[in-house]
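The residues making up each chain are set out below.
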Amino acid sequence: MAIDTARVEKIRRRPVDGLAFKRLMEAGLTWLRTNQQIVNSLNVFPVPDGDTGTNMTLTLQAAWNEIKDKGTHHLGEMAAAFSKGALMGARGNSGVISSQILRGFSRGVHDRETLDLESFVRALGEARDTAYKGVVKPVEGTILTVAKGIAEGTEAGLGSDARRDAIDILEIAVKAADETVRQTPELLPILKQAGVVDSGGKGLYFILEGMLRHVYGEPLDVPLASVQPLSAMNLESAMQEVEEGQDYEVVVDFFPNDGFELQSFYSRLEGMGTSIQVGEGEGMYRMHIHVPLEKRYEPIDYIMGIGTITKVAMENLLAQMDDIQKNKEQTINFTAVEPGQIAVVVVSPGNGLSRIFASLGAAAVVSGGQTMNPSTQDILAAFENLPTDKVIILPNNKNIIMAANQAKEVTVKQVAVVPSKTVPQGLAAMLSLQPDGEVDSVAEKMTKALSLVRTGEITVATRSVEIDGVVVKEGQVIALLDGKLVASAGSVEEGTLELLEKAEAGERELITLFYGQDMPHAEANRIADMAREKYPNLEVEVQEGGQPHYQFIISVE
């Protein structure tokens, strides 16, 4: 970083009070948002659901919304408000752990009007401890390890005579975060296999680095240039972040001219709009951006001057969001719940699956799953107004269980979380529902049912990689069984049949294919017929799932 020394010295002379903390957190959020696609791209499996950067950004955005109009100079009060916003807005495991880090930091400074050297280090230690306590089985090589590295690095730096103030500690924290992130593949073998560092840890690094860039006077709106594979572009998550004043979504496919420079491309786009994503495949680039009405043609005109445009798509964001809301509300008949009965709240990634859950007795559905993890507040809102104080939550995704547990902690209702990691597990659990039973005993029976089903997923690889002996090339169909990569294939039917073989489907009784939003019903039936031919003694069903990105979610029971 090019340091503006005069600016740094000026900041050093000022106390780090509540308002200074607010500016630092805004800078951390801005730099994280600027680089969220880099964090999203650090996926272990080459599946199109990289959402750690999005989850952490939305979590911090919720925290920022809690303090953006707050003017207190008291550091402890400002940190407490920021922590509260993060708690309710937390999405995904990375977001929940980030909220716990902020909760611990808040505890460490709760009685402080300003931040000094010792209180800063103490608060970072509290942040580490609170984050570790919030995870049942902490895993090293994750964001937890980075939080620990930051705490240990600053604790060691506190004893040096060269340490003068909180800014010195921030510099040490950024360096420690960077070094620990680089070490994560050595601590978690799956990261080393995939050739990536931990995404949550990288997100935490960007937050701290953003604060330091603010101190140094460095820009926060120019991303570290990154291009993701076209199949990894997550335009659904972009719809979660539509900012006020952004009226149109513009997507442009183009082949760039010689001399195309990614960093300057990003810089120009930054002046036009937000939610910028850039993907590339076989030399063709795809640019996605949200822009105001009067700028809707600017990205097109600009790209026309630096390359050959092959396709343009432009949509009214407000109309898109209205359509999304209408689809969510599409004729789902939920089970009426009487006072004293158990209400089941499920997380579902598609309208078809939501209707199935409702038919099995679900009282409410929270839209979400891969690429779109709901927040603690989203889950809480789904059951707070139901006419019963007995609630069971089915997260149906391993990345939503922590947010579900956090919702359980912030309500006065009697809530149990059945830790379903997949949709088929959630559906199996619903078959054990007894609405008039006691929450704990019913939740225990539903939890036992999770082991009765195996889950398959069929999608397209977003990058080339070798994991657990499976060689995958970008663009290939891949199969995951119970969350483990088990096969790569040249077609959906080939991948589906290989997955069923890996799942030892011949020894089971029922296969259910839940087809995704981009899979035609006729094609799903054709592949089901192939499965019936291979397993003539099994019952093979086809159901509309409506989930994005995944051609099939498969239940084998």
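In this report, the structure presented in the accompanying data block is examined. (Residues numbered from 1 in each chain as written. Predicted model: local features only at pLDDT ≥ 70, side-chain atom pairs only at ≥ 80, totals over all residues. Heavy atoms only, no water.)

1. Describing the overall build of the chain
Phase 1 of the analysis: A tally of helices and strands in the chain yields 22 helices and 17 strands.
Phase 2 of the analysis: Structurally, the chain occupies a C-alpha span of about 75 × 65 × 45 Å along its principal axes.
Phase 3 of the analysis: In the chain, which comprises 557 residues, the share counted as buried stands at 58%.
Phase 4 of the analysis: Partitioning the contacts of the chain with sequence separation of at least 6, the portion at a separation of at least 24 is 72%.
Phase 5 of the analysis: Here the chain has roughly 23,400 Å² of accessible surface; of this, 48% comes from carbon and sulfur atoms. (Helix = DSSP H or I, 4+ residues; strand = E, 2+ residues; numbered from the N terminus. Buried < 20%, exposed > 50% of the residue type's maximum accessible area, 1.4 Å probe, protein only. Contact = heavy atoms within 4.5 Å. Areas by Shrake-Rupley, 256 points an atom, 1.4 Å probe, with all protein chains shown as cover.)

2. Looking at unusual backbone geometry
Phase 1 of the analysis: Although it is not a glycine, Asn-396 sits at a positive phi angle of roughly 60 degrees.
Phase 2 of the analysis: By secondary structure assignment, the location of Asn-396 is in the loop between β8 (390–394) and α18 (401–409).
Phase 3 of the analysis: Even without being glycine, Glu-504 reaches a positive phi, approximately 55 degrees.
Phase 4 of the analysis: Inspection of the secondary structure assignment puts Glu-504 in the loop between α21 (492–502) and β15 (510–515).

3. Let's talk about the environment of Ala-6
Phase 1 of the analysis: Checked against the element boundaries, Ala-6 lands in helix α1 (residues 5–13).
Phase 2 of the analysis: The exposure class of Ala-6 is exposed, given its relative accessible area of 58%.
Phase 3 of the analysis: Linking Ala-6 and Gly-217, residues 211 residues apart in sequence, is a C-alpha distance of 9.8 Å.

4. So, the packing of aromatic side chains
Phase 1 of the analysis: Counted according to the given criterion, the structure contains 11 aromatic pairs.
Phase 2 of the analysis: Ring centres 6.0 Å apart and planes at 15 degrees place the aromatic pair Phe-21 and Phe-105 in the stacked group. Residue Phe-21 is found in helix α2 (residues 18–34), and its partner Phe-105 is found in helix α6 (residues 92–108); the two are separated by 84 residues along the sequence. For the pair formed by Phe-21 and Phe-105, the shared burial category is buried.
Phase 3 of the analysis: On the basis of an interplanar angle of 20 degrees and a centroid distance of 5.9 Å, the ring pair of Phe-265 and Tyr-302 is categorised as stacked. (Phe/Tyr/Trp six-rings, centres within 6.5 Å; stacked < 30°, edge-to-face > 60°.)

5. A short note on the sheet that holds β8
Phase 1 of the analysis: One open sheet holds the 4 strands; their spatial order is β7-β6-β8-β9, and the pairing between them is parallel. Each having just a single partner strand, β7 (364–367) and β9 (414–417) make up the two edges of the open sheet. Recorded for the sheet is a direction-independent mean angle of 20 degrees between the axes of neighbouring strands.
Phase 2 of the analysis: Pairing between β8 and β9: 4 bridges, direction parallel. Within β9, the position partnered with Ile-393 by the bridge is Val-417.
Phase 3 of the analysis: The sheet strands contacting helix α20 (residues 439–449) are β6 (342–348), β8 and β9, and the helix crosses β8 at an angle near 20 degrees. (Pairing = 2+ DSSP bridges. Axes fitted to C-alpha atoms, helices over the stretch in contact; angles between N-to-C directions.)

6. Description of a positive patch on the surface
Phase 1 of the analysis: A cluster of basic residues, Arg-7, Lys-10, Arg-13, Arg-14 and Arg-23, forms a positive patch at the surface.
Phase 2 of the analysis: The element that contributes the greatest number of residues to the positive patch is α1, accounting for 3 residues.
Phase 3 of the analysis: Here Arg-14 lies in the loop between α1 and α2.
Phase 4 of the analysis: On the basis of relative accessible area, Arg-14 is assigned to the partly exposed category, the value being 44%. (Patch = residues over 30% accessible without salt bridge, like charges linked within 9 Å, V, L, I, M, F, W, Y side chains within 5 Å. Salt bridge = Lys/Arg side-chain N within 4 Å of Asp/Glu carboxyl O. Lys, Arg positive; Asp, Glu negative; His and termini not counted. Charge placed at Lys NZ, Arg CZ, Asp CG, Glu CD.)

7. Some details on helix α16 (residues 351–359)
Phase 1 of the analysis: Residues Gly-352, Leu-353, Ser-354, Ile-356, Phe-357 and Ala-358 constitute the buried set of α16.
Phase 2 of the analysis: Gly-361 occupies a position one or two residues after α16 and carries a positive phi of about 115 degrees.

8. Digging into the sheet that holds strand β16 (residues 539–544)
Phase 1 of the analysis: Here 6 strands make up an open sheet; going across it, the order is β14-β13-β10-β17-β15-β16 and the pairing mixed. The open sheet has two edge strands with one neighbour each: β14 (484–489) and β16. For this sheet, the mean angle separating the axes of adjacent strands, direction not counted, is 20 degrees.
Phase 2 of the analysis: Bridge analysis of strand β10 (residues 454–460) against strand β13 (residues 477–481) gives 5 bridges, and the strand direction is antiparallel. Pairing of Val-460 across the sheet is with Val-477, part of β13.
Phase 3 of the analysis: Across the face of the sheet, helix α19 (residues 423–430) comes into contact with β10, β15 and β17 (552–556) while running at roughly 45 degrees to β17.

Function cannot be inferred from these measures alone, as they are strictly geometric.
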